[in-house]
Amino acid sequence: MSAASLGQARQLLQENEPEQLVAGLLGMVLAEQSSGFELTQAERAFVLLAEGDGLTVRTAVDRLGRPLADARVSQSVCRGVLEGGEPVAVLDASLTEGLAAQASIADLNLRTLMCVPLAARGQRLGVLYVDSRAVVTTFTRKDLELLMAIAAHASLAIANATLYAESRRRGDELEKA
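As a starting point, this report considers the structure included with it. (Residues numbered from 1 in each chain as written. Predicted model: local features only at pLDDT ≥ 70, side-chain atom pairs only at ≥ 80, totals over all residues. Heavy atoms only, no water.)

## Side note on helix α5 (residues 141-176)
With 36 residues, α5 should cover 52 Å at 1.5 Å per step; its first-to-last C-alpha distance of 52 Å lies within 8% of that length. All of the buried residues along α5 are Asp-143, Leu-144, Leu-147, Ile-150, Ala-151, Ala-154, Ser-155, Ala-157, Ile-158, Ala-159 and Ala-161. (Helix = DSSP H or I, 4+ residues; strand = E, 2+ residues; numbered from the N terminus. Expected span 1.5 Å × (residues − 1). Buried < 20%, exposed > 50% of the residue type's maximum accessible area, 1.4 Å probe, protein only.)

## Overview of the nonpolar core
Of all hydrophobic cores here, the largest spans 17 residues; its most connected members are Val-116, Leu-118, Leu-125, Leu-128, Val-130 and Leu-147. Here the element with the most residues in this core is α5; it accounts for 5 residues. Those residues in contact with Leu-118, other than ones at most four positions away along the chain, are Val-47, Leu-49, Gln-123, Arg-124, Leu-125, Gly-126, Val-127, Leu-128, Ala-151, Ser-155 and Ile-158. (Core = buried A, V, L, I, M, F, W, Y, C linked by side-chain atoms within 4.5 Å. Contact = heavy atoms within 4.5 Å.)

## Looking at unusual backbone geometry
Despite not being glycine, Arg-121 has its phi angle at roughly 55°, a positive value. Relative to the helices and strands, Arg-121 is located in the loop between β4 (112-120) and β5 (123-132). Assessed through its relative accessible area of 57%, Arg-121 is described here as exposed.

## Some details on the pattern of salt bridges
Summed over all chains, the structure comprises 8 salt bridges. One salt bridge in this structure joins Arg-141 and Glu-145, with 3.5 Å as the shortest N-O distance. Taken together, the residues Arg-141 and Glu-145, both in helix α5 and 4 residues apart, mark about one turn of the helix. For Glu-145, a relative accessible area of 40% translates into the label partly exposed. A salt bridge links Glu-166 to Arg-169, with the shortest nitrogen-to-oxygen separation between them at 2.4 Å. Taken together, the positions of Glu-166 and Arg-169, both in helix α5 and 3 residues apart, correspond to about one turn of that helix. Salt bridges linked by common partners bring Glu-166, Arg-169, Arg-170 and Glu-173 together as one network. (Salt bridge = Lys/Arg side-chain N within 4 Å of Asp/Glu carboxyl O.)

Everything listed here is a matter of geometry and, on its own, says nothing about what the molecule does.
Written out as structure tokens, the structure reads:
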């Protein structure tokens, strides 16, 4: 990881605004190829946060960091990772038993994906999900481990930013009362 990437990670951990934090997280995971920092060769990256009984896409970007109009993901994979707390890495979904038949995998023509849990202080916050329509031959266990490490740090930052926002909201309510 380059010095610039480490600086970006430090800055991410200091962010107090949940929306900015999520955007920064995806910037780390799915950076432009020209930046010299490439975690994956995925085409799309998503942060989905747990809300009620489901997951809500909070941020979705393409390889160049542009917002995605189509924010559909494999909900079954994301739910499984959130519920089970275990990461998933799939090199070729078309050859993976159970995934090839899933409607979302087929509809989106997905081949490669990784999904890791976002959890902090015993609470499951959501998932970090990346995918691609191409089979990524350089997709390794180290890629998954690095994604899990980023997710672990980001989970704490998301939990802290959420607590900060809640504290600020309550402070505003007290001032009005």
